[in-house]
Amino acid sequence: MTPKTPMATHVTTQEAPRTALRVRNARLIDGTGAGPVDDAVVTIDAQGTITYAGPAATAPAADEDAAGTRVVDAGGRTVLPGFFDCHVHLAYAQGSPPSRRAELDPVLVTLDTVARLRQTLDAGITTARDLGGLSAGFRTAVESGRVVGPRLHTAVRIISHTGGHADVRLPDGTDLSAGMSEIADSTDAARLAVRRVLRDGADLVKVCATGGMGSPYDDPDDEGLLEEEIRAVVDEAGRHGGKPVAAHAQGNAGILTALRAGVTSIEHGYGLDERALDMAGEQGTFVVPTLSTVYAGINKDTMPDYHYQKKTRWSGVTKENIGRAIEYGARIALGTDAAVGPHGVNLMELSYLVDLGMDPMAAIVAGTRTSAELLGVADRLGTLAAGRTGDLVICDGDPLTDIGVLGDPANIVCVIQDGVVRKDLLLPAAPTGRQP
(Lines give C-alpha, C1' and ligand atoms only; values in the text may rest on other atoms or scores of the structure.)
Protein backbone atom coordinates (compact mmCIF):
# COMPACT_ATOMS: atom_id res chain seq x y z
CA MET A 1 0.00 0.00 0.00
CA THR A 2 1.33 3.44 -0.91
CA PRO A 3 1.56 5.69 2.15
CA LYS A 4 -0.44 8.90 1.98
CA THR A 5 2.39 10.94 3.47
CA PRO A 6 5.98 10.80 2.23
CA MET A 7 8.43 9.27 4.66
CA ALA A 8 10.45 11.84 6.59
CA THR A 9 14.15 12.07 5.91
CA HIS A 10 16.33 12.96 8.89
CA VAL A 11 19.80 14.24 9.51
CA THR A 12 20.98 12.09 12.39
CA THR A 13 23.58 14.27 14.11
CA GLN A 14 24.59 17.87 14.40
CA GLU A 15 27.98 16.81 13.06
CA ALA A 16 26.47 16.21 9.60
CA PRO A 17 27.98 18.37 6.83
CA ARG A 18 26.40 21.80 6.74
CA THR A 19 25.30 23.68 3.68
CA ALA A 20 23.76 27.07 3.17
CA LEU A 21 19.96 27.00 2.85
CA ARG A 22 17.50 29.05 0.83
CA VAL A 23 13.82 28.66 1.65
CA ARG A 24 11.74 30.11 -1.16
CA ASN A 25 8.10 30.40 -2.20
CA ALA A 26 7.07 30.81 1.42
CA ARG A 27 4.44 32.68 3.41
CA LEU A 28 6.42 34.11 6.30
CA ILE A 29 5.21 34.58 9.87
CA ASP A 30 8.29 35.87 11.66
CA GLY A 31 7.25 35.50 15.33
CA THR A 32 7.20 39.21 16.11
CA GLY A 33 3.45 39.60 15.69
CA ALA A 34 3.80 41.43 12.38
CA GLY A 35 1.45 40.41 9.59
CA PRO A 36 2.43 37.57 7.25
CA VAL A 37 4.61 38.19 4.22
CA ASP A 38 3.57 36.39 1.05
CA ASP A 39 6.16 35.20 -1.46
CA ALA A 40 8.96 35.35 1.08
CA VAL A 41 12.50 34.04 1.17
CA VAL A 42 14.62 32.96 4.14
CA THR A 43 18.34 32.43 3.69
CA ILE A 44 20.62 30.68 6.19
CA ASP A 45 24.39 30.53 5.91
CA ALA A 46 26.52 27.42 6.35
CA GLN A 47 27.04 28.29 10.03
CA GLY A 48 23.29 28.10 10.70
CA THR A 49 22.63 31.85 10.98
CA ILE A 50 19.76 33.58 9.18
CA THR A 51 21.06 36.14 6.71
CA TYR A 52 17.69 37.29 5.31
CA ALA A 53 13.99 36.81 6.05
CA GLY A 54 11.49 38.85 4.07
CA PRO A 55 9.88 39.49 0.70
CA ALA A 56 11.37 37.74 -2.30
CA ALA A 57 11.39 41.07 -4.15
CA THR A 58 14.09 42.46 -1.86
CA ALA A 59 15.91 39.20 -1.12
CA PRO A 60 19.60 39.00 -1.98
CA ALA A 61 20.16 37.39 -5.35
CA ALA A 62 20.91 33.71 -5.31
CA ASP A 63 24.64 33.13 -5.67
CA GLU A 64 25.04 31.20 -8.88
CA ASP A 65 28.48 30.10 -7.72
CA ALA A 66 27.18 28.72 -4.42
CA ALA A 67 27.27 25.10 -5.48
CA GLY A 68 25.77 22.87 -2.82
CA THR A 69 23.37 25.45 -1.44
CA ARG A 70 20.24 23.53 -0.49
CA VAL A 71 17.01 25.02 -1.76
CA VAL A 72 13.82 24.28 0.15
CA ASP A 73 10.72 25.08 -1.88
CA ALA A 74 7.94 25.78 0.61
CA GLY A 75 5.35 25.59 -2.15
CA GLY A 76 3.44 28.56 -0.76
CA ARG A 77 3.23 27.02 2.71
CA THR A 78 3.69 28.96 5.94
CA VAL A 79 7.17 29.33 7.44
CA LEU A 80 7.40 30.15 11.15
CA PRO A 81 10.13 30.25 13.80
CA GLY A 82 10.93 26.99 15.55
CA PHE A 83 8.57 26.69 18.52
CA PHE A 84 9.26 26.28 22.22
CA ASP A 85 7.66 24.09 24.84
CA CYS A 86 8.59 25.65 28.17
CA HIS A 87 7.17 22.89 30.37
CA VAL A 88 7.83 19.25 29.53
CA HIS A 89 8.88 16.06 31.33
CA LEU A 90 10.67 14.14 28.61
CA ALA A 91 12.01 11.40 30.88
CA TYR A 92 8.51 10.02 31.44
CA ALA A 93 5.94 8.39 29.22
CA GLN A 94 2.48 9.91 29.09
CA GLY A 95 0.40 9.01 32.11
CA SER A 96 3.20 7.01 33.71
CA PRO A 97 3.99 8.09 37.27
CA PRO A 98 7.67 8.58 38.10
CA SER A 99 7.66 5.38 40.17
CA ARG A 100 7.01 3.30 37.05
CA ARG A 101 10.33 4.39 35.56
CA ALA A 102 12.12 2.45 38.30
CA GLU A 103 10.60 -0.74 36.86
CA LEU A 104 12.52 -0.31 33.60
CA ASP A 105 16.13 -1.05 32.81
CA PRO A 106 18.01 2.30 32.70
CA VAL A 107 19.03 1.57 29.12
CA LEU A 108 15.38 1.34 28.11
CA VAL A 109 14.61 4.57 29.96
CA THR A 110 17.36 6.32 28.01
CA LEU A 111 16.24 4.93 24.66
CA ASP A 112 12.61 5.82 25.35
CA THR A 113 13.65 9.35 26.31
CA VAL A 114 15.67 9.74 23.11
CA ALA A 115 12.60 8.64 21.13
CA ARG A 116 10.49 11.31 22.86
CA LEU A 117 13.11 13.93 22.05
CA ARG A 118 12.84 13.04 18.36
CA GLN A 119 9.04 12.98 18.54
CA THR A 120 8.98 16.43 20.14
CA LEU A 121 11.32 17.92 17.55
CA ASP A 122 9.24 16.46 14.72
CA ALA A 123 6.18 18.21 16.21
CA GLY A 124 7.88 21.58 15.57
CA ILE A 125 9.50 22.14 18.97
CA THR A 126 13.12 23.12 18.38
CA THR A 127 13.73 24.22 22.00
CA ALA A 128 12.27 22.68 25.16
CA ARG A 129 12.50 23.36 28.89
CA ASP A 130 12.26 20.23 31.02
CA LEU A 131 10.94 20.93 34.51
CA GLY A 132 11.80 17.77 36.36
CA GLY A 133 13.33 14.35 35.84
CA LEU A 134 15.66 14.91 32.89
CA SER A 135 19.39 14.56 33.43
CA ALA A 136 21.60 17.36 32.10
CA GLY A 137 23.36 14.66 30.10
CA PHE A 138 20.52 14.75 27.57
CA ARG A 139 21.15 18.46 27.02
CA THR A 140 24.80 17.68 26.36
CA ALA A 141 23.85 14.78 24.09
CA VAL A 142 21.76 17.10 21.91
CA GLU A 143 24.40 19.84 21.92
CA SER A 144 27.16 17.43 20.93
CA GLY A 145 25.14 15.68 18.22
CA ARG A 146 24.93 12.32 19.96
CA VAL A 147 21.13 12.44 19.64
CA VAL A 148 18.66 14.63 17.75
CA GLY A 149 16.04 16.58 19.65
CA PRO A 150 15.08 20.05 20.81
CA ARG A 151 17.88 22.07 22.38
CA LEU A 152 17.25 21.67 26.07
CA HIS A 153 17.09 23.63 29.30
CA THR A 154 16.57 21.35 32.29
CA ALA A 155 15.75 21.85 35.95
CA VAL A 156 16.98 18.27 36.65
CA ARG A 157 14.91 17.92 39.86
CA ILE A 158 12.02 19.70 41.59
CA ILE A 159 12.43 21.31 45.04
CA SER A 160 9.51 20.50 47.33
CA HIS A 161 8.80 20.29 51.05
CA THR A 162 8.07 17.02 52.83
CA GLY A 163 4.59 15.89 51.85
CA GLY A 164 4.48 18.47 49.07
CA HIS A 165 3.78 18.12 45.38
CA ALA A 166 7.13 16.54 44.45
CA ASP A 167 7.36 14.28 47.50
CA VAL A 168 6.29 10.85 46.29
CA ARG A 169 8.01 8.84 49.00
CA LEU A 170 6.21 5.98 50.65
CA PRO A 171 5.50 6.13 54.42
CA ASP A 172 8.56 3.91 54.98
CA GLY A 173 10.74 6.49 53.23
CA THR A 174 11.18 4.68 49.91
CA ASP A 175 11.69 7.32 47.21
CA LEU A 176 9.54 6.67 44.14
CA SER A 177 10.50 9.87 42.33
CA ALA A 178 13.05 8.21 40.04
CA GLY A 179 15.33 11.21 40.35
CA MET A 180 12.66 13.91 40.14
CA SER A 181 12.52 15.20 43.73
CA GLU A 182 14.72 17.33 45.98
CA ILE A 183 13.22 17.80 49.47
CA ALA A 184 13.80 21.01 51.48
CA ASP A 185 12.10 21.98 54.74
CA SER A 186 13.91 25.15 55.78
CA THR A 187 15.58 28.17 54.21
CA ASP A 188 19.02 26.60 54.67
CA ALA A 189 17.82 23.34 53.15
CA ALA A 190 16.33 25.28 50.23
CA ARG A 191 19.69 26.90 49.52
CA LEU A 192 21.41 23.53 49.72
CA ALA A 193 18.84 22.04 47.35
CA VAL A 194 19.60 24.76 44.79
CA ARG A 195 23.31 24.05 45.08
CA ARG A 196 22.69 20.35 44.54
CA VAL A 197 20.65 20.73 41.37
CA LEU A 198 23.09 23.29 39.98
CA ARG A 199 25.95 20.91 40.75
CA ASP A 200 24.10 18.35 38.65
CA GLY A 201 23.95 20.71 35.70
CA ALA A 202 20.58 22.46 36.05
CA ASP A 203 19.95 25.44 33.77
CA LEU A 204 17.19 26.72 36.04
CA VAL A 205 15.58 25.89 39.37
CA LYS A 206 12.03 24.65 39.91
CA VAL A 207 10.15 24.92 43.19
CA CYS A 208 6.73 23.83 44.37
CA ALA A 209 4.73 26.77 45.69
CA THR A 210 1.52 24.72 45.91
CA GLY A 211 0.23 21.20 45.93
CA GLY A 212 -0.93 19.66 42.70
CA MET A 213 -3.18 17.35 40.76
CA GLY A 214 -1.05 14.24 40.40
CA SER A 215 0.47 14.22 43.90
CA PRO A 216 -1.19 11.90 46.42
CA TYR A 217 -0.72 13.92 49.62
CA ASP A 218 -1.95 17.39 48.74
CA ASP A 219 -4.32 19.56 46.71
CA PRO A 220 -3.75 22.51 44.33
CA ASP A 221 -4.97 24.96 47.00
CA ASP A 222 -2.44 23.66 49.54
CA GLU A 223 0.58 25.90 49.90
CA GLY A 224 4.07 24.58 49.24
CA LEU A 225 7.41 26.10 50.19
CA LEU A 226 7.21 29.12 52.49
CA GLU A 227 7.80 32.57 51.06
CA GLU A 228 11.14 32.86 52.85
CA GLU A 229 12.18 29.47 51.46
CA ILE A 230 11.33 30.47 47.90
CA ARG A 231 13.11 33.79 48.46
CA ALA A 232 16.18 31.82 49.51
CA VAL A 233 15.94 29.75 46.32
CA VAL A 234 15.60 32.87 44.16
CA ASP A 235 18.55 34.50 45.92
CA GLU A 236 20.74 31.40 45.64
CA ALA A 237 19.87 30.92 41.98
CA GLY A 238 20.64 34.59 41.37
CA ARG A 239 24.03 34.19 43.03
CA HIS A 240 24.88 31.46 40.52
CA GLY A 241 24.74 33.25 37.21
CA GLY A 242 21.26 34.66 37.62
CA LYS A 243 19.56 31.32 37.05
CA PRO A 244 15.78 31.65 36.59
CA VAL A 245 13.29 30.08 38.99
CA ALA A 246 10.10 28.38 37.82
CA ALA A 247 7.34 27.88 40.37
CA HIS A 248 4.81 25.07 40.17
CA ALA A 249 1.87 27.15 41.39
CA GLN A 250 -1.78 26.18 40.96
CA GLY A 251 -3.83 27.57 43.85
CA ASN A 252 -3.90 31.35 44.18
CA ALA A 253 -2.41 31.61 47.69
CA GLY A 254 0.74 29.81 46.55
CA ILE A 255 0.80 31.83 43.32
CA LEU A 256 0.88 35.03 45.36
CA THR A 257 3.62 33.60 47.59
CA ALA A 258 5.75 32.74 44.56
CA LEU A 259 5.21 36.19 43.05
CA ARG A 260 6.18 37.95 46.28
CA ALA A 261 9.32 35.78 46.41
CA GLY A 262 10.34 36.95 42.93
CA VAL A 263 10.15 33.85 40.75
CA THR A 264 10.66 34.10 37.00
CA SER A 265 7.60 32.14 35.94
CA ILE A 266 4.33 30.79 37.29
CA GLU A 267 3.77 27.27 35.97
CA HIS A 268 0.11 26.23 35.51
CA GLY A 269 -1.43 29.26 37.26
CA TYR A 270 -4.85 27.62 37.39
CA GLY A 271 -6.10 29.75 40.29
CA LEU A 272 -4.80 33.14 39.10
CA ASP A 273 -6.99 35.98 40.34
CA GLU A 274 -6.89 39.67 39.42
CA ARG A 275 -4.54 40.54 42.25
CA ALA A 276 -2.06 37.90 41.09
CA LEU A 277 -2.37 39.04 37.48
CA ASP A 278 -1.70 42.63 38.49
CA MET A 279 1.36 41.60 40.47
CA ALA A 280 2.66 39.40 37.65
CA GLY A 281 2.19 42.25 35.19
CA GLU A 282 4.00 44.74 37.40
CA GLN A 283 6.94 42.37 37.87
CA GLY A 284 7.12 41.06 34.32
CA THR A 285 6.57 37.51 35.54
CA PHE A 286 5.77 34.93 32.88
CA VAL A 287 2.75 32.62 33.05
CA VAL A 288 2.96 29.13 31.51
CA PRO A 289 -0.63 27.81 31.61
CA THR A 290 -0.11 24.16 30.45
CA LEU A 291 -3.69 23.94 29.16
CA SER A 292 -2.96 20.56 27.59
CA THR A 293 -3.37 19.05 31.05
CA VAL A 294 -6.95 20.33 31.13
CA TYR A 295 -7.97 19.73 27.52
CA ALA A 296 -6.10 16.48 26.85
CA GLY A 297 -4.83 15.21 30.18
CA ILE A 298 -7.96 13.76 31.81
CA ASN A 299 -8.68 10.05 31.44
CA LYS A 300 -10.62 8.25 34.17
CA ASP A 301 -9.51 4.85 32.92
CA THR A 302 -5.79 5.56 33.28
CA MET A 303 -5.64 7.98 36.22
CA PRO A 304 -5.78 7.28 39.96
CA ASP A 305 -9.15 8.34 41.30
CA TYR A 306 -7.71 11.16 43.45
CA HIS A 307 -6.02 12.59 40.35
CA TYR A 308 -9.15 12.31 38.22
CA GLN A 309 -11.33 13.95 40.87
CA LYS A 310 -8.98 16.90 41.27
CA LYS A 311 -8.67 17.38 37.50
CA THR A 312 -12.40 17.42 36.88
CA ARG A 313 -12.97 19.75 39.84
CA TRP A 314 -10.42 22.26 38.56
CA SER A 315 -10.92 22.12 34.79
CA GLY A 316 -13.66 24.75 34.58
CA VAL A 317 -11.92 27.06 37.06
CA THR A 318 -8.71 26.79 35.08
CA LYS A 319 -10.34 27.77 31.79
CA GLU A 320 -12.07 30.74 33.41
CA ASN A 321 -8.91 32.04 35.10
CA ILE A 322 -6.56 31.52 32.15
CA GLY A 323 -9.15 33.15 29.91
CA ARG A 324 -9.01 36.16 32.22
CA ALA A 325 -5.21 36.10 32.12
CA ILE A 326 -5.34 36.23 28.32
CA GLU A 327 -7.79 39.14 28.48
CA TYR A 328 -5.47 40.93 30.93
CA GLY A 329 -2.57 40.57 28.51
CA ALA A 330 -0.50 38.38 30.83
CA ARG A 331 3.00 37.52 29.61
CA ILE A 332 2.11 34.01 28.47
CA ALA A 333 4.67 31.48 27.23
CA LEU A 334 3.83 28.09 25.76
CA GLY A 335 4.08 24.94 27.88
CA THR A 336 2.22 21.63 27.81
CA ASP A 337 3.36 19.55 30.81
CA ALA A 338 3.90 16.75 28.29
CA ALA A 339 3.95 13.41 30.15
CA VAL A 340 0.85 14.45 32.06
CA GLY A 341 -0.65 14.86 28.57
CA PRO A 342 0.59 13.37 25.31
CA HIS A 343 4.06 13.87 23.89
CA GLY A 344 4.53 14.85 20.27
CA VAL A 345 1.43 17.01 19.78
CA ASN A 346 2.82 19.97 21.71
CA LEU A 347 1.44 22.67 19.42
CA MET A 348 -2.14 21.68 20.23
CA GLU A 349 -1.52 24.02 23.18
CA LEU A 350 -1.91 26.91 20.73
CA SER A 351 -5.46 25.79 19.96
CA TYR A 352 -6.33 25.77 23.65
CA LEU A 353 -5.01 29.31 24.08
CA VAL A 354 -7.11 30.43 21.11
CA ASP A 355 -10.14 28.60 22.50
CA LEU A 356 -9.85 30.74 25.65
CA GLY A 357 -9.72 33.99 23.69
CA MET A 358 -6.19 34.50 22.42
CA ASP A 359 -5.76 35.72 18.85
CA PRO A 360 -4.00 33.10 16.64
CA MET A 361 -1.10 35.45 15.90
CA ALA A 362 -0.71 36.19 19.61
CA ALA A 363 -0.69 32.44 20.32
CA ILE A 364 2.11 31.98 17.78
CA VAL A 365 4.06 34.79 19.46
CA ALA A 366 3.51 33.10 22.83
CA GLY A 367 5.06 29.92 21.44
CA THR A 368 7.99 31.68 19.80
CA ARG A 369 9.16 35.17 20.83
CA THR A 370 7.67 35.25 24.35
CA SER A 371 8.92 31.75 25.13
CA ALA A 372 12.37 32.76 23.91
CA GLU A 373 12.22 35.73 26.27
CA LEU A 374 11.37 33.43 29.17
CA LEU A 375 14.37 31.22 28.42
CA GLY A 376 16.66 34.21 27.96
CA VAL A 377 17.47 33.42 24.33
CA ALA A 378 15.40 36.02 22.46
CA ASP A 379 18.56 37.53 20.99
CA ARG A 380 19.08 34.29 19.03
CA LEU A 381 15.78 32.41 18.85
CA GLY A 382 12.03 32.91 18.65
CA THR A 383 11.91 35.24 15.63
CA LEU A 384 13.03 35.03 12.02
CA ALA A 385 15.40 37.88 11.19
CA ALA A 386 18.95 38.36 9.99
CA GLY A 387 21.43 37.42 12.70
CA ARG A 388 19.10 34.95 14.45
CA THR A 389 19.76 31.21 14.62
CA GLY A 390 18.22 29.25 11.75
CA ASP A 391 15.37 27.51 13.57
CA LEU A 392 12.16 27.36 11.55
CA VAL A 393 9.24 25.14 10.67
CA ILE A 394 7.14 24.86 7.53
CA CYS A 395 3.51 23.83 7.90
CA ASP A 396 0.62 22.86 5.67
CA GLY A 397 -2.48 25.01 6.03
CA ASP A 398 -2.97 28.54 7.32
CA PRO A 399 -2.50 28.74 11.11
CA LEU A 400 -4.00 32.23 11.20
CA THR A 401 -7.37 30.90 10.03
CA ASP A 402 -7.04 27.45 11.63
CA ILE A 403 -4.49 27.37 14.44
CA GLY A 404 -5.21 23.66 14.83
CA VAL A 405 -3.12 22.79 11.77
CA LEU A 406 0.01 23.28 13.88
CA GLY A 407 -1.12 20.73 16.44
CA ASP A 408 -1.00 17.83 13.97
CA PRO A 409 2.64 16.75 13.42
CA ALA A 410 1.69 15.52 9.93
CA ASN A 411 1.20 19.17 8.99
CA ILE A 412 4.69 20.09 10.18
CA VAL A 413 6.32 19.18 6.88
CA CYS A 414 9.78 20.59 7.52
CA VAL A 415 11.79 21.35 10.66
CA ILE A 416 15.09 23.19 10.40
CA GLN A 417 17.16 23.54 13.56
CA ASP A 418 20.37 25.55 13.75
CA GLY A 419 20.37 25.58 9.95
CA VAL A 420 20.16 21.78 9.67
CA VAL A 421 17.12 20.11 8.10
CA ARG A 422 15.89 17.69 10.76
CA LYS A 423 12.54 16.68 9.26
CA ASP A 424 11.62 16.86 5.60
CA LEU A 425 8.29 15.78 4.14
CA LEU A 426 8.67 18.09 1.16
CA LEU A 427 9.64 17.01 -2.31
CA PRO A 428 13.35 17.68 -2.76
CA ALA A 429 14.58 20.63 -4.77
CA ALA A 430 17.81 20.61 -6.70
CA PRO A 431 20.90 21.82 -4.79
CA THR A 432 21.79 24.86 -6.83
CA GLY A 433 22.23 28.56 -6.39
CA ARG A 434 20.14 29.33 -9.52
CA GLN A 435 16.86 29.88 -7.66
CA PRO A 436 14.64 32.91 -7.11
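Just above, that's the structure.
Now for a look at the structure at hand.

## What about helix H10 (residues 348-355)?
Okay, step 1: For H10, the complete set of buried residues consists of Glu349, Leu350, Ser351, Tyr352 and Leu353.
Okay, step 2: Each element contacted by the buried residues of H10 is listed here: strand E6 (83-88), helix H8 (292-295), helix H9 (305-328), strand E15 (331-332) and helix H11 (360-374).
Okay, step 3: At the exit of H10 stands glycine 357, carrying a positive phi of roughly 115°.

## Looking at the sheet that holds E15
Okay, step 1: Pairing is parallel in the open sheet, where 7 strands are placed in the order E10-E9-E11-E12-E13-E14-E15. The open sheet has two free edges, formed respectively by strand E10 (181-183) and E15, since each of these has just one partner strand.
Okay, step 2: Here 4 bridges tie strand E11 (residues 205-208) to strand E12 (residues 245-249), and the two strands are oriented parallel to one another. Pairing of valine 205 across the sheet is with valine 245, part of E12.

## A few points about the sheet that holds E6
Okay, step 1: The strand order E6-E7-E8 describes an open sheet built from 3 strands, whose pairing is parallel. The open sheet is flanked by E6 and strand E8 (151-154), the only strands paired with a single partner. Sheet twist, expressed as the mean angle between neighbouring strand axes with direction ignored, is 15°.
Okay, step 2: In the sheet, strand E7 (residues 125-130) pairs with E8 via 4 bridges, with the strands oriented parallel. Note on E8: the bridge partner recorded for alanine 128 is leucine 152.

## Examining the layout of surface pockets
Using a probe with the size of a water molecule, rolled over the atoms, empty space left in the structure can be pinpointed.
Okay, step 1: Space inside the second largest pocket adds up to approximately 200 Å³.
Okay, step 2: Lining the second largest pocket are 13 residues; nearest its centre among them are Thr127, Glu143, Arg151, Arg380 and Leu381.
Okay, step 3: Secondary structure elements with two or more residues in the lining of the second largest pocket: helix H3 (136-143) and E8.
Okay, step 4: Looking at side-chain class alone, the lining of the second largest pocket contains 4 nonpolar, 5 polar and 4 charged residues.

## Points about the packing of aromatic side chains
Okay, step 1: In this structure the tally under the stated criterion is 1 aromatic pair.
Okay, step 2: Here tyrosine 295 and tyrosine 352 contribute two aromatic rings whose centre-to-centre distance is 4.3 Å and whose plane-to-plane angle is 10°, an arrangement assigned as stacked. Placement of the pair is tyrosine 295 in helix H8 and tyrosine 352 in helix H10, with a sequence separation of 57 residues.
Okay, step 3: Exposure remark for tyrosine 295: the relative accessible area of 25% places this residue in the partly exposed category.
Okay, step 4: Since its relative accessible area comes to 11%, tyrosine 352 is described here as buried.

Cut-off values and rules
Residues numbered from 1 in each chain as written. Predicted model: local features only at pLDDT ≥ 70, side-chain atom pairs only at ≥ 80, totals over all residues. Heavy atoms only, no water. Buried < 20%, exposed > 50% of the residue type's maximum accessible area, 1.4 Å probe, protein only. Helix = DSSP H or I, 4+ residues; strand = E, 2+ residues; numbered from the N terminus. Contact = heavy atoms within 4.5 Å. Pairing = 2+ DSSP bridges. Axes fitted to C-alpha atoms, helices over the stretch in contact; angles between N-to-C directions. 1 Å grid on protein atoms, 1.4 Å probe; cavity = no way out; pocket = protein on both sides within 12 Å on 5 of 7 lines; lining within 4 Å. Points joined across faces, edges and corners; volume = space filled by probe spheres on them. Nonpolar A, V, L, I, M, F, W, Y, C, P; charged D, E, K, R; others polar. Phe/Tyr/Trp six-rings, centres within 6.5 Å; stacked < 30°, edge-to-face > 60°.

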